[in-house]
Each structure stands twice: as structure tokens, then as C-alpha cells.
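An overview of the molecular structure
Listed below, chain by chain, are the residues.
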Amino acid sequence: MKLGRKDLIFIAIVVAFFTFLFWGTGKELGPFVPEDATHREFYQALAQKEKRKDLEKGCPECHQWEFLPKNHPPKEQCMFCHLPPES
Ligand code: HEC
Ligand code: HEC
């Protein structure tokens, strides 16, 4: 099969798409959560199959939205991006 113009364009789009995807995931992840008693509790509960959504409700108790940096991604699933120290 000969590669036509359309095939090349298609491949370029696919490559661009995946570059974008992986680039994005790397950037989105926030700093690691400190290894202290407060935070460890959350991630141990997560390991014991607690619902992530319920656990995350506890984060803003100390980390209110107003005090996060201005460029912080506007999403509430904290534990999606903020991973435990050395998983
Ligand atoms: C009881 C209060 C409290 C709760 C609840 C809490 N944190 Fe924290 N968190 C802190 C304090 C205090 C610090 C800063 C101390 C340190 O760096 O060790 C901190 C630091 C952090 C940092 C590091 C910030 C940086 O600049 O590197 C992240 C990320 C974080 N917390 C995420 C979370 C997430 C996600 C949750 C919910 C699962 C959570 N925290 C729940 C008090 C809390
Ligand atoms: C989409 C991914 C994402 C989600 C969801 C997310 N964060 Fe972040 N967070 C980041 C990134 C990226 C940074 C680093 C931002 C920067 O330094 O400019 C960050 C930084 C932080 C910091 C450090 C702030 C500082 O002063 O250095 C804290 C604390 C934090 N996030 C807490 C939370 C909490 C609490 C939630 C849930 C309410 C949350 N994050 C949800 C990506 C995320």
C-alpha cells in the first residue's frame, strides 16, 4: 500500500494528539503530598478502598480554595493530581 497525502495527515494528527495527551498529564500533576500523619491518614484510607470523592471533602478543611495559588487547576478531585509520597 502506498502512503497517500491523506494517510500522512492522519498520522500527523495522531502523533500530535498523543504528544498533547502525555504532555498534558505530566504538567497537570501537582506536588507530592507531604509524608506526615495528617496526609498519611487520607492515603491509607484510600488504599483501604474508601471512596476518593468522600476523602477529598476533608482536604479543603485546611486547604481552602482562596489560599491555593492563582494558577492552581480549578478542579476539586485533589487526590487525582496530588499523589501520596512515593507510592
Ligand atoms: C489537618 C490539616 C490538613 C488536611 C486535612 C490536609 N492537609 Fe495538606 N497540608 C497541610 C499542611 C499544614 C501542609 C504544609 C506542611 C508541610 O508541607 O508538611 C500541607 C501540605 C500539602 C501539600 C504540599 C504543598 C506544597 O507546597 O508542596 C499538598 C499537595 C497537600 N497538602 C495536599 C492535601 C490533600 C490532597 C489533602 C486531602 C487528601 C490534604 N492536603 C489534607 C494540612 C492539611
Ligand atoms: C488537575 C490537577 C489538580 C487538582 C485536581 C488539584 N491540584 Fe493542587 N496543584 C496542582 C498543581 C499542578 C499544583 C502546582 C501549582 C503551582 O505551583 O503553580 C498544585 C499545587 C497545590 C498545592 C501547593 C500550593 C502551594 O502553595 O505551593 C496545594 C496545597 C494543593 N495544590 C492542594 C490541592 C487541593 C486541596 C485540591 C483539591 C481541592 C487540589 N490541590 C486539586 C494540581 C491539582
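Refer to the preceding data block for the structure.
Quick caveat: nothing in here was measured; it's all calculated off a predicted structure. (Residues numbered from 1 in each chain as written. Chains lettered and ligands numbered in written order. Predicted model: local features only at pLDDT ≥ 70, side-chain atom pairs only at ≥ 80, totals over all residues. Heavy atoms only, no water.)

Structural notes on the overall build of the chain
The line we're drawing: Strands are runs of DSSP state E lasting at least 2 residues, helices are runs of H or I lasting at least 4, and numbering of each runs from the N terminus. Exposure is judged per residue with a 1.4 Å probe applied to protein chains only, and the accessible area is read against the type maximum: over 50% gives exposed, under 20% gives buried, and values in between give partly exposed. Each accessible area value is a Shrake-Rupley result obtained with a 1.4 Å probe; residue values ignore everything except the protein chains displayed when judging cover.
Scanning the chain for helices and strands turns up four helices and zero strands. The helix and strand sequence of the chain, counted from the amino end, reads α-α-α-α. By the burial criterion, 15% of the 87 residues in the chain qualify as buried. Surface summary for the chain: the accessible area is close to 7,900 Å², and the carbon and sulfur share equals 65%.

Looking at the coordination of the iron atom of ligand 1
Convention followed: Counted as donors are the N, O and S atoms within 2.8 Å of the metal, or 3.2 Å for Na, K and Ca, while water is not among the atoms, so some sites may look incomplete. Square planar and octahedral assignments, for four and six donors respectively, both demand that opposite donors be over 155 degrees apart and that all other angles lie between 65 and 115; tetrahedral needs four donors with all angles between 85 and 135 degrees, and anything else is irregular.
At 1.9 Å from the iron atom of ligand 1 lie its protein donor atoms, namely H39 (NE2) and H63 (NE2). Here the iron atom of ligand 1 is ringed by six donor atoms whose angles at the metal span 88 to 179°, and the overall shape comes out octahedral. Linking H39 in helix α2 (residues 37–47) with H63 in the loop between α3 (52–56) and α4 (78–81), this pair joins segments that are 24 residues apart in sequence.

Things to note about the pattern of salt bridges
Rules: Here, a salt bridge means any Lys or Arg side-chain nitrogen found within 4 Å of an Asp or Glu carboxyl oxygen.
By the definition in use, this model includes three salt bridges. Between D54 and K57 there is a salt bridge; the shortest N-O distance is 3.5 Å. Judged by its relative accessible area of 45%, D54 falls in the partly exposed class. Residue classification places K57 among the exposed positions, given a relative accessible area of 62%.

Re the coordination of the iron atom of ligand 2
For the iron atom of ligand 2, the protein coordination sphere consists of H72 (NE2) and H82 (NE2), at 1.8 to 1.9 Å. Around the iron atom of ligand 2 sit six donor atoms, and with donor-metal-donor angles ranging over 87 to 180° the site reads as octahedral. Within this pair, whereas H72 is found in the loop between α3 and α4, its partner H82 is found in the segment after α4, the two being separated by ten residues in sequence. On the accessibility criterion, H72 (24% relative accessible area) is partly exposed.

Some thoughts on unusual backbone geometry
Among all residues except glycine, the phi angle is most often negative; among peptide bonds, the trans geometry is most common. Located in the positive-phi region is K49, a residue other than glycine, with phi close to 65°. Structurally, K49 is set in the loop between α2 and α3. Overall, the relative accessible area of 76% leaves K49 in the exposed class.

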